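Commentary on secondary and tertiary structure
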Amino acid sequence: MPYLGGRRSTIVNTLLVISAGYLPSGIAFGSISTALRIPGIYTISLSLFVYSGAVQSAFLGYWAAGIDPASIILTAFLLNLRHTFYGAHIETLRGDIRLRDIIVIGPLLTDEVYAIAVSYPSLSLPNLHGLSIYAYFNWIAGTAIGIIAIYYAPSVVLNILFLALPALFLGLLVPRIRNGFGLVTAITSGVIALAGRLLGLAPYFLIVPILIGVITGLTAGKIAKRWSE
Amino acid sequence: MSYVLIYLLAALALLSILQRIIPWLFYKRLKSGNSLEKTFDLFAISAFSALLVYNVQSLGLVTFISLAVALAVAMKFHNIGLTVLVALAVLSVSLII
């Protein structure tokens, strides 16, 4: 059977990494969502149909802060804009992708699946299909476990779990900060958001620190580039 | 409220699928588009940072310590599940003490 580049151990490791990343995150999402009193059917539907940790976490954030549909759709659109380039990038690395493959892999294309697909261009298409479906089921299973587990937890656990949401964002944030511009962006956005909270501004203010953070990061990048020239 | 949720869920699901498939279909020969990817990365960083601050329930010392330890774990291991687990463990121990 053609494993990743013919190496069975590599695909076993990849599957373990996917499970290690997706199961705890899915459990955290399922339990936090239920702790925030989002009905289980919506929680599992989010994992089934939206299937984006970033967008689903943002959804929880907006839900907790007081939901604003327009802001969450805009945020979801911008958060998922990076997916725009994933498929195109995979396409440039292999010439054997047909329309049927795009239809199968496309909806299940996450950061991790994309990273594996471009890291192992020798990965066969059937294995790429299998890997993307495996990741999807890990996410669904994690969410379901989280929803069920929360019902058996005492009330003090629910109070503690409210810290899980900021911790989840922390876990999503830190690996993305790979340079000074990312750090400037995170600090700017965080400080403005903190000021907004302390001033008691409305939840829709949330989009302001996000956009100012991006503009500051981009500006810092351009200034650094000019100095280096 | 439930209708709002259903419409929102449908919109997010549609958006999620379209954003993954449509560009792939139309830009099959596009290169990676590295500069825009950087912009989207910055957007994600900015969004998560702001959402982190907005979702801290109480800005007390115990919360700060829990998140500081979780930050150290996140920087060391880059594992979301472990980061959440450590934050909750530190908060639990702090409440017991």
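Before reading on, note that the structure itself is shown above.
Residues numbered from 1 in each chain as written. Chains lettered and ligands numbered in written order. Predicted model: local features only at pLDDT ≥ 70, side-chain atom pairs only at ≥ 80, totals over all residues. Heavy atoms only, no water.

**Focus on the overall build of chain B**
In plain terms, the rule: Only runs of H or I of at least four residues qualify as helices and only runs of E of at least two qualify as strands under DSSP, and these elements are numbered from the N terminus. Using a 1.4 Å probe on the protein chains alone, a residue whose accessible area is under 20% of its type maximum counts as buried, one over 50% counts as exposed, and one in between counts as partly exposed. To be clear on the numbers: accessible area is Shrake-Rupley with a 1.4 Å probe, and residue cover counts the displayed protein chains and nothing else.
Each helix and strand in chain B was counted, giving four helices and zero strands. Helices and strands appear in chain B in the N-to-C order α-α-α-α. Residues classed as buried in chain B amount to 45% of the 97 residues present. As presented, chain B carries roughly 5200 Å² of accessible surface, and 73% of it is formed by carbon and sulfur atoms.

**Topic: the overall build of chain A**
Keep this limit in mind: Contacts are assigned to residue pairs that have any heavy atoms within 4.5 Å of one another.
Across its full length, chain A carries twelve helices and zero strands. Long-range pairs, those at least 24 residues apart, make up 75% of the contacts in chain A with a sequence separation of at least 6. Split by element, the accessible area of chain A, about 10100 Å² in all, is 70% carbon and sulfur.

**What to know about the packing of helix α3 (residues 53–65) of chain A against helix α1 (residues 2–26) of chain B**
Where we set the bar: With axes taken as lines fitted to C-alpha atoms, and helix axes fitted only over the stretch in contact, angles between N-to-C directions fall between 0 and 180 degrees. Angle categories are assigned with fixed cut-offs, so that under 35 degrees is roughly parallel, over 145 is roughly antiparallel, 65 to 115 is roughly perpendicular, and the rest are oblique. Working rule for handedness: look at the near helix, and if it is turned counterclockwise from the far one by less than a right angle, call the crossing left-handed; if clockwise, right-handed. Amino acid classes used here: Ala, Val, Leu, Ile, Met, Phe, Trp, Tyr, Cys and Pro are nonpolar; Asp, Glu, Lys and Arg are charged; the rest, including Gly, are polar.
Relative to each other, α3 of chain A and α1 of chain B sit at 155 degrees, their axes nearing to 12 Å. With respect to their mutual orientation, α3 of chain A and α1 of chain B come out roughly antiparallel. As for the relative orientation of α3 of chain A and α1 of chain B, their crossing is right-handed in sense. Residues Val55, Phe59 and Trp63 of chain A of α3 of chain A touch α1 of chain B, and the partners they reach there are Leu5, Leu8 and Leu12 of chain B. Across the contact of α3 of chain A with α1 of chain B, the residue classes tally to six nonpolar, no polar and no charged.

**With respect to the interface of chain B and chain A**
Put simply, the rule is: Reported buried area values correspond to the accessible surface (1.4 Å probe) lost by two parts on association, with both partners' losses combined. When a carboxyl oxygen of Asp or Glu lies within 4 Å of a side-chain nitrogen of Lys or Arg, that pair is called a salt bridge.
With 66 residues of chain B at the interface, the matching set in chain A holds 93 residues. Note on chain B versus chain A: buried area summed over both sides is about 7300 Å², and carbon and sulfur give 78% of it. The three residues of chain B that bury the most area against chain A are Arg20, Trp24 and Tyr54 of chain B, which together make up 14% of that side's buried surface. The tally of links between chain B and chain A comes to zero salt bridges.

**A closer look at the packing of helix α5 (residues 83–93) of chain A against α1 of chain B**
Where α5 of chain A contacts α1 of chain B, the two axes come as close as 7 Å, and the packing angle between them is 45 degrees. Between α5 of chain A and α1 of chain B, the angle falls in the class oblique. Seen along the crossing, α5 of chain A lies across α1 of chain B with a hand that is right-handed. Every residue of α1 of chain B that contacts α5 of chain A at His83, Thr84, Gly87, Ala88, Ile90 and Glu91 of chain A is listed here: Gln19, Arg20, Pro23 and Trp24 of chain B. Classifying every residue of the contact of α5 of chain A with α1 of chain B gives four nonpolar, four polar and two charged.

**Brief notes about the environment of Leu8 of chain B**
Secondary-structure assignment places Leu8 of chain B in helix α1. Those residues within four positions of Leu8 of chain B in sequence are excluded, and the remaining contacts are Phe59, Ile67, Pro69, Ile72 and Ile73 of chain A.

**Focus on the nonpolar core**
We count it as follows: By nonpolar core is meant a set of buried Ala, Val, Leu, Ile, Met, Phe, Trp, Tyr and Cys residues that side-chain atoms within 4.5 Å join together.
Within the largest apolar cluster, 89 residues are counted, with the highest numbers of intra-cluster contacts made by Ile32, Phe59, Leu60, Leu79 and Leu109 of chain A together with Leu12 and Phe48 of chain B. The element contributing the most residues to this core is helix α2 (residues 34–54) of chain B, with eleven residues. Setting aside residues no more than four positions away along its own chain, Leu79 of chain A makes contact with Ala54, Val55 and Ala58 of chain A together with Phe43, Ala44, Ala47 and Phe48 of chain B.

**Points about the packing of aromatic side chains**
All names here are of chain A. The criterion, for reference: Geometry of aromatic contacts follows a simple scheme: Phe, Tyr and Trp rings, the Trp one being its six-membered ring, pair when their centres are within 6.5 Å, and the pair is stacked under 30 degrees between planes, edge-to-face over 60, tilted otherwise.
The full count for this structure, using the stated rule, is six aromatic pairs over all chains. Summarising the aromatic geometry, the rings of Phe29 and Trp139 are spaced 6.1 Å apart at their centres and angled 25 degrees between planes, so their arrangement reads as stacked. A residue pair is termed long-range when its members are at least 10 positions apart, and Phe29 in helix α1 (residues 8–35) and Trp139 in helix α8 (residues 125–151) qualify at 110 residues. The exposure class of Phe29 is buried, given its relative accessible area of 1%. Judged by its relative accessible area of 7%, Trp139 is buried. Between Tyr51 and Tyr136, the ring centres sit 4.9 Å apart and the planes meet at 85 degrees, which makes this aromatic pair edge-to-face.

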